[in-house]
Amino acid sequence: MKILVTGGLGQLGKSLQKISKDYNYDFLFTDIAELDITKEADVNEFIEKQKPDIVVNAAAYTAVDKAEDDEEMALLLNAKAVENLAKACEKNSCRLVHISTDYVFNGLSSHPYTIEDETKPMSVYGQTKLVGEQLAIKYCTKVNVIRTSWLYSEFGKNFVKTMLTLGKEKQEIGVVYDQVGTPCYATDLAKAIMSLVERPSKQRIMHFSNEGVCSWYDFARKIMELSGLDCKVRPILSKEYPTKAQRPEFSVLDKSLIKKELNITIPHWEDSLKQMLNNL
């Protein structure tokens, strides 16, 4: 089996590279230098030439606040590029695994979001990711969309690495406590993706993050505690830390479908955080 991974230099792409040695498949990792997925002709030519069995789209425009002023580029990467991949996969009988986000919801729920819940994004980032989902499903019959949340890893920029830097520089920081969700260690998501590709394809949406629930404040405190950093974390309201894009207040995802379909046990977020910090 040949697996093409786009966004190979991102957090998920590098996490898939890290675990790829554990699988006896032919992996091909690309980023913009090898394949510009926003160019339809390039995508068609590349997929026709390489003939992958599965395409995992781990590429995305993820600068949530910047997207508010850069809607054209966010739409190009999060929607048009997905359409290009979906059409090429359909034409070449490839299966597509596309990664999406909790930001497709408005964050006003009182229960974990299921795949049946109404999507209502509150930011440009969330809106463009939702369009990407819709285009993937419209143009590719063999597609799986996996929504995830609060992604972090040993690679690139993310909340955990930011907290580690701040924890070494400052004696006290304020972190919002009125936004609740579940962190997701990118290695755990990568393993779930590999479990998925080893099973027959059904066109559907699934949710994946680690188990448990916390606020960003809880998450930051645990990072400091596990890292042995003497930095006090102070709980603050979102309005005390205004951002250009509106964040979901509640973005816990219901993962019952993916657990049942793949017969997997998902680690608790604290256990995965410990593993990531050990790997650093």
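Residues numbered from 1 in each chain as written. Predicted model: local features only at pLDDT ≥ 70, side-chain atom pairs only at ≥ 80, totals over all residues. Heavy atoms only, no water.

A. Spatial organisation of the packing of helix α5 (residues 159-169) against helix α9 (residues 269-279). Two elements in contact, α5 and α9, have axes whose closest approach is 12 Å; the angle formed by their N-to-C orientations is 65 degrees. The two elements α5 and α9 meet at a crossing, and its hand is right-handed. Together, V160, K161 and L164 of α5 and L273, M276 and L277 of α9 make up the contact between the two elements. (Axes fitted to C-alpha atoms, helices over the stretch in contact; angles between N-to-C directions. Helix = DSSP H or I, 4+ residues; strand = E, 2+ residues; numbered from the N terminus. Left-handed = near helix turned anticlockwise from the far one by under 90°. Contact = heavy atoms within 4.5 Å.)

B. Representation of the packing of helix α2 (residues 40-50) against helix α3 (residues 71-91). It is at 9 Å that the axes of α2 and α3 come closest, and there the two elements cross at 35 degrees. For the crossing formed where α2 meets α3, the hand is right-handed. Contacts between α2 and α3 pair E40, V43, N44, I47 and E48 from the former with K80, N84, L85, K87, A88, C89 and K91 from the latter. Taken together, the residues of the contact of α2 with α3 sort by class into five nonpolar, two polar and five charged. (Nonpolar A, V, L, I, M, F, W, Y, C, P; charged D, E, K, R; others polar.)

C. Layout of the environment of M163. Relative to the elements of secondary structure, M163 occurs in helix α5. Separated by 76 residues in the primary sequence, M163 and K87 have C-alpha atoms spaced 40 Å apart.

D. Local environment of the nonpolar core. Membership of the largest hydrophobic core comes to 25 residues, with the highest contact counts inside it found for V97 and I193. Put simply, the parts of the chain that give this core at least two residues each are β1 (2-6), α1 (11-20), β3 (54-57), β4 (95-101), α6 (186-197) and α8 (256-262). Take this core: its biggest share by element is seven residues, from α6. Setting aside chain neighbours within four positions, we find V97 in contact with I54, V55, V56, N57, N144, I146, I193, L196 and V197. V176, W216, I236 and M276 belong to the second-largest nonpolar core, a separate cluster that totals 24 residues. (Core = buried A, V, L, I, M, F, W, Y, C linked by side-chain atoms within 4.5 Å. Buried < 20%, exposed > 50% of the residue type's maximum accessible area, 1.4 Å probe, protein only.)

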